[in-house]
Amino acid sequence: MKLTLAAATLLLIVLAALWLWTPDRSRQALQAQYLRSASDLVEVDGQLLHLRVDGPKTAPALVLLHGMGASLHTWEDWAQSLAGEYRVIRLDLPGSGLSPPDSKNDYSDLRTLHLLLAVMDRLEVPRASFIGNSMGGRLAWAMAAQHPDRVVKLVLVSPDGFASPGFEYDKAPEVPGWLQAMRYLLPRAVLRMNLLPAYANPDKLTAALLDRYHDLMRAPGARAALLQRMQQTVLRDPVPLLHKIQAPTLLLWGEQDRMIPIANADDYLKAVAGSRLVRLPGIGHLPQEEDPQGSLVPVREFLAR
């Protein structure tokens, strides 16, 4: 009886593992589905990047930076709307979307800022306005603080940067074992559960949108890169850097953000001189996906000033 019970338990474990096991998709298949043009794959400073540029070359430049686990596709609606007036530059950060993992296995903010400067130099863009969401917001304000000569204006969409549970200052975060298992086990239903808190209206996480996130998370090396980026993200007290920001700054925040609560906006308003906040009622962590046209209105007005 004991042997039979043990065998049944083992069988259940094997069946569960087979159900949860989530292999990578081939890069060729992903490029066929999500790459607009082969010319959008560009080598910059020894790193292959998925880079999209839209709009007139002579127009004011915008650089759009996605958050953790996302891709340049998160900005699709904003990019298409802005491309008539601006040169819109989007990229998948290394190990995200269609960009392969970092060639140096370095996912620090310092390395990422270096790559962003190299992208600007390659495109012959001396200065640009930066728009960043979540982690991309942290990178955007870090660029404005450390390289003020390259940043015209700053739009921070639910930006990351202040300490939060699991992310303390001056300490690498601990990535729990269950999250490490994501390298091999990432069923679509589990990913959906993890993405839902980013949306105030769960209907906005459509099947097509979930498919895109799930597909690109299964790019070769993407999950390992995501974990490495998390482990290499060592937050510092942001206030001294935020005090250095000279660029006009707009904060855009969903009132129903459950990932980075809107209460954090007060910290930025105190630290960034002249910054102002636009609150988005009924919106979560991803305004550019949840209400692309409505959330873009204050951004367009801010950029046009």
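Criteria and cut-off values
Residues numbered from 1 in each chain as written. Predicted model: local features only at pLDDT ≥ 70, side-chain atom pairs only at ≥ 80, totals over all residues. Heavy atoms only, no water. Helix = DSSP H or I, 4+ residues; strand = E, 2+ residues; numbered from the N terminus. Rg over C-alpha atoms; globule rule 2.2 N^0.38 Å. Buried < 20%, exposed > 50% of the residue type's maximum accessible area, 1.4 Å probe, protein only. Contact = heavy atoms within 4.5 Å. Areas by Shrake-Rupley, 256 points an atom, 1.4 Å probe, with all protein chains shown as cover. Lys, Arg positive; Asp, Glu negative; His and termini not counted. Charge placed at Lys NZ, Arg CZ, Asp CG, Glu CD. Salt bridge = Lys/Arg side-chain N within 4 Å of Asp/Glu carboxyl O. Phe/Tyr/Trp six-rings, centres within 6.5 Å; stacked < 30°, edge-to-face > 60°. Lys NZ or Arg CZ within 6 Å of the ring centre and 35° of its normal. Pairing = 2+ DSSP bridges. Axes fitted to C-alpha atoms, helices over the stretch in contact; angles between N-to-C directions. pLDDT = per-residue confidence, 0-100. Parallel < 35°, antiparallel > 145°, perpendicular 65-115°, else oblique. Nonpolar A, V, L, I, M, F, W, Y, C, P; charged D, E, K, R; others polar. Patch = residues over 30% accessible without salt bridge, like charges linked within 9 Å, V, L, I, M, F, W, Y side chains within 5 Å. Polar contact = N/O pair within 3.5 Å; in protein donor to acceptor, adjacent residues only side chain to side chain.

Caption draft 1: Region of the structure containing the overall build of the protein. When you go through the protein residue by residue, the secondary structure sums to 13 helices and eight strands. Over its C-alpha atoms the protein spans a radius of gyration of 20 Å, differing by no more than 12% from the 19 Å that the globule rule assigns to 305 residues. Along the longest, intermediate and shortest principal axes, the C-alpha atoms of the protein span 75 × 40 × 35 Å. Buried positions account for 51% of the 305 residues belonging to the protein. Put simply, of all contacts in the protein between residues at least 6 apart along the chain, 75% involve residues at least 24 apart. Here the protein has roughly 13,900 Å² of accessible surface; of this, 59% comes from carbon and sulfur atoms. Mean positive and mean negative side-chain charge positions of the protein (32 and 31 charges, respectively) differ by 2 Å.

Caption draft 2: Broad picture of the pattern of salt bridges. All told, the structure shown has 20 salt bridges when counted by the stated rule. For the salt bridge of arginine 111 with aspartate 102, the shortest nitrogen-to-oxygen distance reads 2.9 Å. Accessibility expressed as a relative area gives 6% for arginine 111, which makes it buried. You can call aspartate 102 buried: its relative accessible area is 6%. A network of salt bridges, in which partner residues are shared, links Arg36, Asp40, Arg52, Asp54, Glu76 and Arg90.

Caption draft 3: Spotlight on the packing of aromatic side chains. Summed over the entire model, instances satisfying the criterion amount to three aromatic pairs. Where tryptophan 253 meets tyrosine 268, the ring centres are 6.1 Å apart and the plane angle is 50°; that geometry is what we call tilted. With a gap of 15 residues between them, tryptophan 253 in strand S7 (residues 249–254) and tyrosine 268 in helix H11 (residues 265–271) connect regions that are remote in the sequence. There is no split in this pair, since tryptophan 253 and tyrosine 268 are both buried. Linked through ring pairs, Phe162, Trp253 and Tyr268 together constitute an aromatic cluster. Here lysine 153 stacks its cationic end above the ring of phenylalanine 302, 5.2 Å away from the centre of that ring.

Caption draft 4: Region of interest: the sheet that holds strand S5 (residues 128–133). Strand order in the open sheet formed by eight strands is S1-S2-S4-S3-S5-S6-S7-S8, with mixed pairing between adjacent strands. Unpaired on one side and paired on the other, strand S1 (41–44) and strand S8 (276–280) mark the two borders of the sheet. Taken over all neighbouring pairs, the strand axes of this sheet differ in orientation by 25° on average, direction set aside.

Caption draft 5: Up close: the confidence of the model for the protein. Of the residues in the protein, 94% reach a pLDDT of 70 or more, and the chain-wide mean stands at 92. Predicted confidence for residues 6–16 stays below pLDDT 50, and this span has zero contacts to residues more than four positions away or in other chains.

Caption draft 6: How the structure looks around the packing of helix H4 (residues 109–122) against helix H5 (residues 135–146). Put simply, H4 and H5 touch, their axes get as near as 10 Å, and they point 75° apart. Put simply, H4 runs roughly perpendicular to H5. Taking contact as the criterion, the partners of Asp109, Thr112, Leu113, Leu116 and Leu117 in H4 are, on H5, Arg138, Leu139, Ala142, Met143 and Gln146. Residues that form the contact of H4 with H5 fall into these classes: six nonpolar, two polar and two charged.

Caption draft 7: Seen up close, a nonpolar patch on the surface. On the surface, Trp21, Tyr184 and Leu185 cluster together into a nonpolar patch covering about 350 Å² of accessible area. Looking at where tyrosine 184 falls in the secondary structure, it is placed in the loop between helix H6 (177–180) and helix H7 (188–195).

Caption draft 8: Highlighting helix H9 (residues 222–231). By the criterion of burial, H9 is predominantly enclosed, with seven of the 10 residues buried. Every buried residue of H9 is accounted for by Ala222, Arg223, Ala225, Leu226, Leu227, Arg229 and Met230. Its buried side turned inward, H9 meets H4, H5, H6 and helix H8 (207–217).

Caption draft 9: Region of the structure containing the side chain of aspartate 54. By the secondary structure assignment, aspartate 54 is in strand S2 (residues 47–54). For aspartate 54, a relative accessible area of 12% puts it in the buried group. A polar contact of 3.4 Å, which involves the side chain of aspartate 54, links it to the side chain of arginine 90. If sequence neighbours within four positions are ignored, aspartate 54 has contacts with Arg36, Gln80, Ala83, Tyr86, Arg87, Val88 and Arg90.

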